[in-house]
Amino acid sequence: RKALTAYRVLCLGTPCENGKLTAPSLSVETLATLADYVLVEADGAKTLPLKAHAEHEPVIPACAGRTVCVVGVDGLGVPVSQTCHRPQRFAQLAGVSVDDAVTPEAVAAVLCVEGLHDVVLINKVETAADWRAAQRIAALCETPVVAGSLWRDDLRCLR
């Protein structure tokens, strides 16, 4: 409580190997009673822009009010094997080969089949071609889609 009165944003976690953080000592449910918003990174993609989830992922807290799936538009046009975490799973869900270049249709297919989110955030959208690709993904998704560049603080609702 004291830290939340002094700072608008806190990053909490328990240090673990490789300089990473794991879950904080306080439960997400407890943190939710203390803060206006609690953001939980439920699942990383090993610095890759796209991912397909294993059956045990992501670990979403029971008290989650919203689940956002973040997609990097910079993964489009690159072979699945080079731009996706769990490329075989991604290819299987999208109905493509791991050697195929990722298309907006493949991204949307994986998002729809997995159904693990309430909102999609397409990040790193900076060029006209990026916006066209983001709009194509949004048109194929069943949930709201926000796109833009977090780095540039430019986000727009597409669907």
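Attention in this report is confined to the structure presented alongside it.

Helix and strand counts for the protein chain come out as 6 helices and 8 strands. Expected size for 159 residues packed as a compact globule is a radius of gyration near 15 Å; at 17 Å, the protein chain falls within 12% of this value. Seen through its C-alpha atoms, the protein chain measures out along the principal axes to roughly 50 × 30 × 25 Å. Buried positions account for 34% of the 159 residues belonging to the protein chain. Counted over contacts in the protein chain with a minimum sequence separation of 6, partners at least 24 positions apart contribute 52%. On the protein chain, roughly 10,100 Å² of surface is accessible, and the fraction owed to carbon and sulfur atoms is 53%. Of the charged side chains in the protein chain, 15 are positive and 18 negative; the average position of the first set lies 5 Å away from that of the second.

Once that is clear, we can look at the sheet that holds strand β8 (residues 154–157). Strand order in the open sheet formed by 4 strands is β4-β6-β7-β8, with mixed pairing between adjacent strands. Edge positions in the sheet fall to β4 (68–72) and β8, since each of these pairs with one other strand and no more. Shown here is a sheet whose adjacent strand axes are inclined to one another by a mean of 20°, direction ignored. Strand direction decides the pairing type here: strand β6 (residues 119–123) and strand β7 (residues 145–149), joined by 3 bridges, are parallel. The residue of β7 that forms the bridge with Ile 122 is Ala 147. Along the sheet face, helix α6 (residues 128–140) touches β6, β7 and β8 and points at about 165° away from the line of β7.

Looking now at the environment of Gln 92. Within the secondary structure layout, Gln 92 lies in helix α4 (residues 87–94). Since its relative accessible area comes to 58%, Gln 92 is described here as exposed. Taking the C-alpha atoms as reference points, Gln 92 and Pro 79, 13 residues apart in sequence, are found 14 Å from one another.

Cut-off values and rules
- Residues numbered from 1 in each chain as written.
- Predicted model: local features only at pLDDT ≥ 70, side-chain atom pairs only at ≥ 80, totals over all residues.
- Heavy atoms only, no water.
- Helix = DSSP H or I, 4+ residues; strand = E, 2+ residues; numbered from the N terminus.
- Rg over C-alpha atoms; globule rule 2.2 N^0.38 Å.
- Buried < 20%, exposed > 50% of the residue type's maximum accessible area, 1.4 Å probe, protein only.
- Contact = heavy atoms within 4.5 Å.
- Areas by Shrake-Rupley, 256 points an atom, 1.4 Å probe, with all protein chains shown as cover.
- Lys, Arg positive; Asp, Glu negative; His and termini not counted.
- Charge placed at Lys NZ, Arg CZ, Asp CG, Glu CD.
- Pairing = 2+ DSSP bridges.
- Axes fitted to C-alpha atoms, helices over the stretch in contact; angles between N-to-C directions.

Function cannot be read off these values alone, since they describe shape.
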